[in-house]
Amino acid sequence: MSNHFYKSPLLPDPLLGCEGEKILTAEQWQQIRRPEILELFHEHVYGRAPLQRPQYLRFITVDKGEGWMGGKAVRKKIDIGYEGPGGNGVIHLYLFVPAQAIRPVPTFLLICNREAENMDPDREVQSPFWPAEHIVSRGYAAAVFHVEDLDPDKHDGFKNGVHGIFDPPEVPRPKDAWGTLAAWAWGASRVMDYLETDPDIDDKSVALVGHSRGGKTALWCGAQDERFAMVVSNDSGCGGAAITRCKKGETINNINERFPHWFCENYKSFNGRENELPIDQHMLLSLIAPRLLYVASASEDTWADPDSEFLACTHAERVYNLLGLKGLETLDMPAPECPLHQGSIGYHLRTGKHDLTLFDWNCFMDYADRHMKEARL
Ligand code: GCU
């Protein structure tokens, strides 16, 4: 891994407003610059959701039982039903709450984008992708939902899922209309709507976790929805935590060709023109401030590009500093398995391939153990 100084591209400045004004105070950040940056990501990258909480949103506890995980957990299955002009849908939320813990408990919510077996609510399959037993044993509630409950991961002309349900019938579809990642992010916020109502859950201490396309989604959700106390991006790469200018591995052109449904139409106009984007991904990360941000990379994941993921964290740090918080506190990529857990931005590089492993989860929880309680006060 290289020291980023030798390859740092010229990046848009998160602390320079659209009118050319310098952002010098926390108030200017919150009032002026944060909304500007959010708007730029809506317009050019992820697209705009036509609504936040829908008028019809129902939470139904379909099952609640003790005695799970050898008596260590209570399992809840919650159906989060939503309805719009074009039909209705359901997010199936699975939740394991530690039985002995003092309530309300801090929670890890995973956006699952892998095969549904990875989140088996009956725990016959215990995948490291969602190590619910392990999360519970460390005193956190483990929550998960699947992205397909919001929108299928294929280019269907935005007919199915939440697009078909909520989109106004405008033809042609606006170039800043929400893509699939924004649809999934919308779903994570609806899960938060439920978590706020559950007395077992400390809704001020919820960490949102996503891997890869799920990591891009976690960042976009956390950027908009300030109810999440911590946002974790694992191996999210292009359109996630990685700076796109001078990025190795996947480019904007690659991602838009293979996944034309993920982003808004406007993003395609930046194929091969990364330098013309008014933003870069360090600015997405900066929108998480002052909340906790955690970025993880894997050494063999050259498609996502660990250097560019780390670089984005170092550049998001200026916003954390403006808000009186520490970021990574170094410009040097750490060695594998040597997490940086000092400040309000956490980072680790793991040896190995593109994946979400128990090592990654343990790092997220070590970091949350250290910072989530103090951040809440
Ligand atoms: C593809 C895609 C990436 C994405 C990854 C994943 O490799 O190009 O952008 O992050 O799938 O979701 O696993």
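Residues numbered from 1 in each chain as written. Predicted model: local features only at pLDDT ≥ 70, side-chain atom pairs only at ≥ 80, totals over all residues. Heavy atoms only, no water.

What to know about the environment of Ala368
For Ala368, the location among the structural elements is in helix H9 (residues 358-376). Given the relative accessible area of 2%, Ala368 is considered buried. In this structure the C-alpha to C-alpha distance between Ala368 and Phe108, which are 260 residues apart in sequence, comes to 9.7 Å. Not counting residues up to four positions away in its chain, the partners in contact with Ala368 are Phe108, Tyr140, Met230 and Lys373. (Helix = DSSP H or I, 4+ residues; strand = E, 2+ residues; numbered from the N terminus. Buried < 20%, exposed > 50% of the residue type's maximum accessible area, 1.4 Å probe, protein only. Contact = heavy atoms within 4.5 Å.)

A word on the packing of helix H4 (residues 180-195) against helix H5 (residues 213-224)
The contact between H4 and H5 brings their axes to 8 Å, and the two run at 60°. With respect to H5, the element H4 is oriented oblique. Of the two elements, H4 crosses H5, and the hand of that crossing is right-handed. Counting all contacts with H4, which are made through Leu181, Ala182, Trp184, Ala185, Ala188 and Ser189, the residues of H5 involved are Arg213, Lys216, Thr217, Trp220, Cys221 and Gln224. Classifying every residue of the contact of H4 with H5 gives 7 nonpolar, 3 polar and 2 charged. (Axes fitted to C-alpha atoms, helices over the stretch in contact; angles between N-to-C directions. Parallel < 35°, antiparallel > 145°, perpendicular 65-115°, else oblique. Left-handed = near helix turned anticlockwise from the far one by under 90°. Nonpolar A, V, L, I, M, F, W, Y, C, P; charged D, E, K, R; others polar.)

Let's talk about the side chain of Asp200
When you line up the elements, Asp200 lands in the loop between H4 and strand E6 (201-211). Overall, the relative accessible area of 12% leaves Asp200 in the buried class. In this structure the side chain of Asp200 is engaged in a polar contact, spanning 2.8 Å, whose partner is the side chain of Lys76. What Asp200 contacts, discounting residues up to four positions off in sequence, is Lys76, Val97, Arg103, Pro104 and Val105. (Polar contact = N/O pair within 3.5 Å; in protein donor to acceptor, adjacent residues only side chain to side chain.)

Regarding the nonpolar core
A general feature of soluble globular proteins is that nonpolar side chains tend to end up buried together. Phe41, Tyr46, Tyr82, Leu93, Leu109, Trp220 and Leu285 are the most contacted members of the largest nonpolar core, which has 84 residues in total. For this core, the element with the highest residue contribution is H4, accounting for 11 residues. With residues near it in sequence (within four places) discarded, Leu109 still touches Leu93, Ala143, Val144, Phe145, Ala188, Val191, Val206, Ala207, Leu208, Val209 and Phe228. (Core = buried A, V, L, I, M, F, W, Y, C linked by side-chain atoms within 4.5 Å.)

Remarks on the site of the ligand
Residues in close proximity to the ligand include Ser212, Arg213, Lys216, Glu250, Ile255, Arg258, Phe259, Trp262, Trp303 and His354, which together make up its full environment. Glu250 is positioned such that a nitrogen or oxygen atom in its side chain is 2.5 Å from an oxygen atom of the ligand. Within the side chain of Trp303, an N or O atom sits 2.8 Å from an oxygen atom of the ligand. In the complex, the protein chains occlude 86% of the 320 Å² of accessible area that the ligand would expose alone. The set of elements that each furnish at least two residues to the shell around the ligand consists of H5 and helix H6 (252-258). (Near = heavy atom within 4 Å. Areas by Shrake-Rupley, 256 points an atom, 1.4 Å probe, with all protein chains shown as cover.)

Regarding the environment of Glu66
Mapped onto the elements of the fold, Glu66 is located in strand E1 (residues 56-68). Residues Glu66 and Val97 lie 31 residues apart in sequence; the distance between their C-alpha atoms is 9.6 Å. Setting aside residues no more than four positions away along its own chain, Glu66 makes contact with Ala73 and Val74.

Details of the side chain of His282
Here His282 lies in helix H7 (residues 281-286). Once you skip the residues sitting within four places of it in the chain, His282 turns out to touch Leu11, Pro12, Pro14, Ile243, Ala312, His315 and Ala316.

As for the pattern of salt bridges
Throughout the structure, instances matching the rule amount to 30 salt bridges. A salt bridge links Lys204 to Asp203; the shortest N-O distance between them is 3.6 Å. Put simply, Asp235 and Arg350 hold a salt bridge, and the shortest N to O gap is 3.7 Å. You can see Asp235 sitting in the loop between strand E7 (230-234) and H6 and its partner Arg350 sitting in strand E9 (residues 345-350), a full 115 residues away along the chain. Here Asp235 matches Arg350 in class, with each residue buried. (Salt bridge = Lys/Arg side-chain N within 4 Å of Asp/Glu carboxyl O.)

A look at unusual backbone geometry
Among all residues save glycine, negative phi is the norm, and among peptide bonds the norm is trans. Put simply, Val171 and Pro172 share a cis peptide bond, and its omega is -5°. Positionally, Pro172 belongs in the loop between helix H3 (161-166) and H4. With an omega dihedral of 5°, the bond running from Ala289 to Pro290 counts as a cis peptide bond. By the secondary structure assignment, Pro290 is in the loop between H7 and strand E8 (292-298). The phi dihedral of Asp235 is positive, around 50°, even though this residue is not glycine. Given the relative accessible area of 1%, Asp235 is considered buried. With a phi close to 65°, Cys246 is a non-glycine residue in the positive phi region.

Details of the UniProt feature "domain: 4-O-methyl-glucuronoyl methylesterase-like" (unreviewed entry) in the protein chain
Following the UniProt record, the feature "domain: 4-O-methyl-glucuronoyl methylesterase-like" (unreviewed entry) maps to residues 177-324 here. The span residues 177-324 carries 39% helix and 16% strand; its end-to-end C-alpha distance comes to 35 Å. (UniProt positions renumbered as here; feature names shortened; annotations may be inferred.)

Digging into the pairing of strand E5 (residues 141-146)
It is a general feature of regular strands that their side chains alternate between the two faces of the sheet. A large share of E5 lies buried, amounting to 6 of its 6 residues. Alternating positions in E5 separate into two faces, Ala141, Ala143 and Phe145 on one and Ala142, Val144 and His146 on the other, with burial throughout. Bridge count between strand E3 (residues 87-98) and E5: 3 bridges; the pairing is antiparallel. Looking across to E5, one finds that Phe96 is bridged to Ala142. Note: strand E4 (residues 105-112) against E5, 6 bridges, orientation parallel. The partner of Thr107 across the bridge, within E5, is Ala141. For the handedness criterion, the β-α-β arrangement of E4, helix H2 (residues 132-137) and E5 is classed as right-handed. (Pairing = 2+ DSSP bridges. Right-handed = clockwise from strand over helix to strand, strands pointing away.)

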